[in-house]
Amino acid sequence: EAEVAQSPRYKITEKSQAVAFWCDPISGHATLYWYRQILGQGPELLVQFQDESVVDDSQLPKDRFSAERLKGVDSTLKIQPAELGDSAMYLCASSLTVAGDEQFFGPGTRLTVL
Amino acid sequence: TQLLEQSPQFLSIQEGENLTVYCNSSSVFSSLQWYRQEPGEGPVLLVTVVTGGEVKKLKRLTFQFGDARKDSSLHITAAQPGDTGLYLCAARDKLIFGTGTRLQVFP
């Protein structure tokens, strides 16, 4: 069964360091999403891609976060420099199209900033 | 800011009990979704409700969309330990998730 892949599953870093997360969506899914989820709360959208283009990055803290999906397939989310408050689960999801289709989530990357 | 407020925030019950989780908003949505998330995993879609007043059943789970399409509820009958997890409602068209309800079912 097709799944969304994410790596690493866990990342521990010190504040002010740079971190990067990778996501490989389900093959053929044009839309890719990055969410941040603080423990016990609902995910919050950071950025949404349609193919290689950013559709919505209004909630992305652009002073330290960046995201790219250069070839419209896999995607990288980067944080530089990391801050203590960035500790969270970073979830990637994909859907066939933008509107209304089911989102399939990856297992997430658990980030701890010390 | 559009918010989806869930209640209760935490629920700890014995196996066999019934429970209801609520998802409320002041905004109208074209549809609402319910997800379940287990520790260390991403959310998994349970159901999408689209029509005001709609009721959908998934085995022991019953989902209802409010008539005004501002709220939804999830009712679980005879809860089992396997139902343990974080339950999230979501507005798919707005990509907004609710605040979450953490359910623990003890054997």
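Up top is the structure these notes are about.
Residues numbered from 1 in each chain as written. Chains lettered and ligands numbered in written order. Predicted model: local features only at pLDDT ≥ 70, side-chain atom pairs only at ≥ 80, totals over all residues. Heavy atoms only, no water.

Some remarks on the side chain of Thr13 of chain A
Residues and elements named next belong to chain A. Keep this limit in mind: Segments assigned H or I by DSSP are reported as helices when at least four residues long, segments assigned E as strands when at least two residues long, and all are numbered from the N terminus. Classification of residues uses two cut-offs on accessible area relative to the type maximum, computed with a 1.4 Å probe and protein chains only: under 20% is buried, over 50% is exposed, and between them is partly exposed. We call two residues contacting when some pair of their heavy atoms lies within 4.5 Å.
Positionally, Thr13 belongs in strand β2 (residues 10-13). By relative accessible area, Thr13 is classed as buried at 8%. Setting aside residues up to four positions removed in sequence, Thr13 forms contacts with Val19, Ala82, Leu111, Thr112, Val113 and Leu114.

Here we look at the environment of Asp86 of chain A
Residue and element names in this part refer to chain A. The line we're drawing: In protein, a polar contact requires one atom able to donate a hydrogen and another able to accept it; more generally it is a pair of N or O atoms within 3.5 Å, and residues adjacent in sequence count only if both atoms are side-chain atoms.
Mapped onto the elements of the fold, Asp86 is located in the loop between β8 (75-79) and β9 (88-95). By relative accessible area, which is 2% here, Asp86 ends up buried. Placed 26 residues apart in sequence, Asp86 and Thr112 show a C-alpha to C-alpha distance of 7.7 Å. Beyond its immediate sequence surroundings of up to four residues, Asp86 is in contact with Arg36, Arg64, Phe65, Ile79, Pro81, Leu111 and Val113. Within polar-contact distance, the side chain of Asp86 engages the side chain of Arg64 at 2.6 Å.

Some remarks on the pattern of salt bridges
All names here are of chain A. Threshold: Salt-bridge detection follows one rule: a side-chain nitrogen of Lys or Arg within 4 Å of a carboxyl oxygen of Asp or Glu.
Per the counting criterion, the structure on display carries 7 salt bridges over all chains. Where Asp86 meets Arg36, a salt bridge forms, and the shortest distance between an N and an O atom there is 4.0 Å. Here Asp86, found in the loop between β8 and β9, pairs with Arg36, found in strand β4 (residues 31-37); they are 50 residues apart in sequence, far enough to count as distant. Where salt bridges share partners, they join Arg36, Arg64, Glu83 and Asp86 into one cluster.

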